[in-house]
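# An overview of the molecular structure
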Amino acid sequence: MTDALEIRGLEAGYGRNPVLRGVDLTVPGGVTSILGSSGCGKTTLLRAVAGFVQPTGGSISVAGAEVVGGRRTVPARQRGIGYVPQEGALFPHLTVARNVAFGLPRAERRDAAKRVAASLELVELDPSLAERYPHELSGGQQQRVALARALAPRPTLVLLDEPFSSLDASLREETGRAVVRALRAADAAAVLVTHDQGEALSLADQVAVMMEGQFLQVAAPSAVYLEPADPRIAAFIGHASLLPGEIGADGRGRCALGSVAVRPASAAGPVQFAVRSEQLQVRADGDGTPGEVVDVSFFGHDATIRVRLDSGERIAARTPADSVPRAGDRVRVTVLGDVITFPR
Ligand SMILES: Nc1ncnc2c1ncn2[C@@H]1O[C@H](COP(=O)(O)OP(=O)(O)OP(=O)(O)O)[C@@H](O)[C@H]1O
């Protein structure tokens, strides 16, 4: 089957400032989320695919047709791509129906009423909202209208740039799920840019982790989380603490947290350990590596406790909300399960 999107060696930037440095990405279908820290180039990549930024090298194909490559550049409106920008995407002076119809090619506007109704149904919005203006809708409803507008011309690919960033946590999750259902119902592939790792992991079929204008790993959500290809991915996505250490002749690891079981099995020698916050237990006493609590972030369901070990290294642990120490407390830290290991 033809891939919905194929990007090879893409380079782009602003003036003399290179942003994308040879990006490769294949989106077979379904939802791919692009996750990365602020400023790494996520929006620039979406804008290059959409046709709003002119790449300086590489190629882009949409549904098998090359839109950038060699000397050829297909104009944005002929790429068959839907684009849902960050907030503020709707025309404030147009009703919902006219906002959605705006996305249709001129020749298809005669049929607009039917297409608007079908698009609103896809995004699970009540048809009675069609005559409202954007300011008469909630934030989540506005984002669904923006998606309905992008889906109305039946694109093969939809690009969504942090579409839920202005919504509060509960609305975010609900809107995210509805958007993914709508994309699947419309049989459109999607690329979703986010810097929210929960959103990236829970909504997507494939997660692409970007750092400094390149993808470090493109894989299924569970693989990115459980088998990070790079220590920076473990630190970013798994909130892992990175510690230097070594593998002994017995195959066990040794680091500031003592002797630890490792994954994958590694040859003896120096390594870097990525210890996930949820595999660290912090207790007031007992066995374990001694340290002092530096600070605590309380989230309700659990808390993140940052500890300075007596050896000087810092770690972060996630603990249940009912056993949270205070800053300055003396504690003991133990490790549960295998620690991910990277060559050093
Ligand atoms: N129009 C522009 N002119 C010049 N530089 C720009 C322009 N737009 C973005 N940049 C720069 O390009 C780099 C990548 O920006 P981009 O918006 O792609 O990052 P991002 O990963 O989407 O960030 P965020 O998560 O904060 O939205 C940044 O260093 C940014 O300052």
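For the structure itself, look to the data block above.
Let us look at the structure shown here. What you see is a predicted model; the values in this text were computed from it and never measured.

## As for the packing of aromatic side chains
The description of an aromatic ring pair uses the distance of the two centres, along with the angle that the planes make with each other. In total, this model carries two aromatic pairs according to the counting rule given. On the basis of an interplanar angle of 85° and a centroid distance of 5.3 Å, the ring pair of F52 and Y83 is categorised as edge-to-face. Here F52 is found in the loop between α1 (42–50) and β4 (57–62), whereas its partner Y83 is found in strand β7 (residues 81–84), with 31 residues between them in sequence. In this structure, R276 packs its charged tip against the face of Y225, placed 4.3 Å from the ring centre.

## Here we look at the sheet that holds strand β14 (residues 258–260)
Sheet architecture is open: six strands sit in the order β14-β13-β12-β16-β22-β15, paired in mixed fashion. Two strands bound the open sheet, and with one partner strand each, they are β14 and β15 (262–263). For strand β12 (residues 241–247) and strand β16 (residues 269–275), the ladder comprises seven bridges, and the chain directions are antiparallel. For L243, the partnering residue across the bridge sits in β16 and is F273.

## Here's the deal with the nonpolar core
Membership of the largest hydrophobic core comes to 46 residues, with the highest contact counts inside it found for V100, L120, L147, L151, V158, L160 and L183. The biggest single contributor to this core is helix α4 (residues 139–151), with six residues. Of all hydrophobic cores here, the second largest spans 33 residues; its members include A12, V49, L157 and A189.

## Brief notes about the sheet that holds strand β3 (residues 31–36)
One open sheet holds the six strands; their spatial order is β7-β8-β9-β3-β10-β11, and the pairing between them is mixed. Strands with a single pairing partner mark the edges of an open sheet, and in this sheet they are β7 and β11 (214–219). When strand polarity is set aside, the average angle formed by the axes of neighbouring strands in this sheet is 20°. Both strand β10 (residues 206–211) and β11 contribute to a ladder of five bridges, which runs antiparallel. Bridged to M210 within β11 is F215. Against the sheet, α1 engages β3, β7, β8 (157–161), β9 (189–194), β10 and β11, with an angle of about 150° to β8.

What counts and what doesn't
- Residues numbered from 1 in each chain as written.
- Predicted model: local features only at pLDDT ≥ 70, side-chain atom pairs only at ≥ 80, totals over all residues.
- Heavy atoms only, no water.
- Phe/Tyr/Trp six-rings, centres within 6.5 Å; stacked < 30°, edge-to-face > 60°.
- Helix = DSSP H or I, 4+ residues; strand = E, 2+ residues; numbered from the N terminus.
- Lys NZ or Arg CZ within 6 Å of the ring centre and 35° of its normal.
- Pairing = 2+ DSSP bridges.
- Core = buried A, V, L, I, M, F, W, Y, C linked by side-chain atoms within 4.5 Å.
- Buried < 20%, exposed > 50% of the residue type's maximum accessible area, 1.4 Å probe, protein only.
- Axes fitted to C-alpha atoms, helices over the stretch in contact; angles between N-to-C directions.
- Contact = heavy atoms within 4.5 Å.

So far we have only geometry, and geometry alone does not tell us how the molecule works.
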